[in-house]
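Here are the chains, one letter per residue:
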Amino acid sequence: MKKLMIATAIIMVSLTSINAQSSLKESPSKAQVASSQDDYKEVKVSELPQAVKDAIAKDLEGATVSKAYANEKGEFKLVVTTADKLSKTLYANNKGEWIKKQ
């Protein structure tokens, strides 16, 4: 009876470690998917399209763009400091239209 309990315990521990290893292998692939979707490369603020600059001036009076990033789709990720010194990250397309990102 004692051998049966020890054998059961060994099997349970083996199954637990196999499940832990398989879940560890899945995690990096999920992280890679998320980073590949966020393929923005830094650009100079002066290189932003005029439509984006106009949208910032119109909708965020007194705000300044501290960093700008662009992706291959013509979308921009903007790090903006508002007039009340709050930092926000906003997304816009090359037409100056705001995009909601999750």
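None of these values were measured; they are calculated from a predicted model.

A. The arrangement of the side chain of Asn93 in detail. Examined against the element boundaries, Asn93 turns out to sit in strand β4 (residues 87–93). Using a relative accessible area of 16% as the deciding quantity, one classes Asn93 as buried. Separated by 3.0 Å, the side chain of Asn93 and the backbone nitrogen of Lys95 make a polar contact. Reaching out from Asn93, the side chain makes a polar contact with the side chain of Glu97 at a distance of 2.8 Å. Among residues more than four places away in sequence, those in contact with Asn93 are Val52, Gly74, Glu75, Phe76 and Ile99.

B. Helix α2 (residues 50–59), seen in detail. Inspection of α2 places Val52, Ala55 and Ile56 among the buried residues, and these make up the whole buried set. Buried residues along α2 cover an arc of 100° about the axis, so they all sit on one side. Those residues of α2 that are exposed and aimed more than 90 degrees away from the buried face are Ala57 and Lys58. Looking at the buried side of α2, the elements it contacts are β2 (64–70), β3 (75–81), β4 and β5 (98–99).

C. The packing of aromatic side chains, seen in detail. In the structure shown here, the tally under the stated rule is 1 aromatic pair. On the numbers, 5.9 Å between centres and 55° between planes, the contact of Tyr40 with Tyr91 is tilted. Placement of the pair is Tyr40 in the loop between α1 (2–37) and β1 (41–43) and Tyr91 in strand β4, with a sequence separation of 51 residues. Judged on exposure class, the residue Tyr40 and its partner Tyr91 are both buried. In this structure, Lys77 is placed above the aromatic ring of Tyr69, and the distance from its NZ or CZ to the ring centre is 5.7 Å.

Here is what the cut-offs are and how they apply
- Residues numbered from 1 in each chain as written.
- Predicted model: local features only at pLDDT ≥ 70, side-chain atom pairs only at ≥ 80, totals over all residues.
- Heavy atoms only, no water.
- Helix = DSSP H or I, 4+ residues; strand = E, 2+ residues; numbered from the N terminus.
- Buried < 20%, exposed > 50% of the residue type's maximum accessible area, 1.4 Å probe, protein only.
- Polar contact = N/O pair within 3.5 Å; in protein donor to acceptor, adjacent residues only side chain to side chain.
- Contact = heavy atoms within 4.5 Å.
- Arc of directions from axis to C-beta.
- Phe/Tyr/Trp six-rings, centres within 6.5 Å; stacked < 30°, edge-to-face > 60°.
- Lys NZ or Arg CZ within 6 Å of the ring centre and 35° of its normal.

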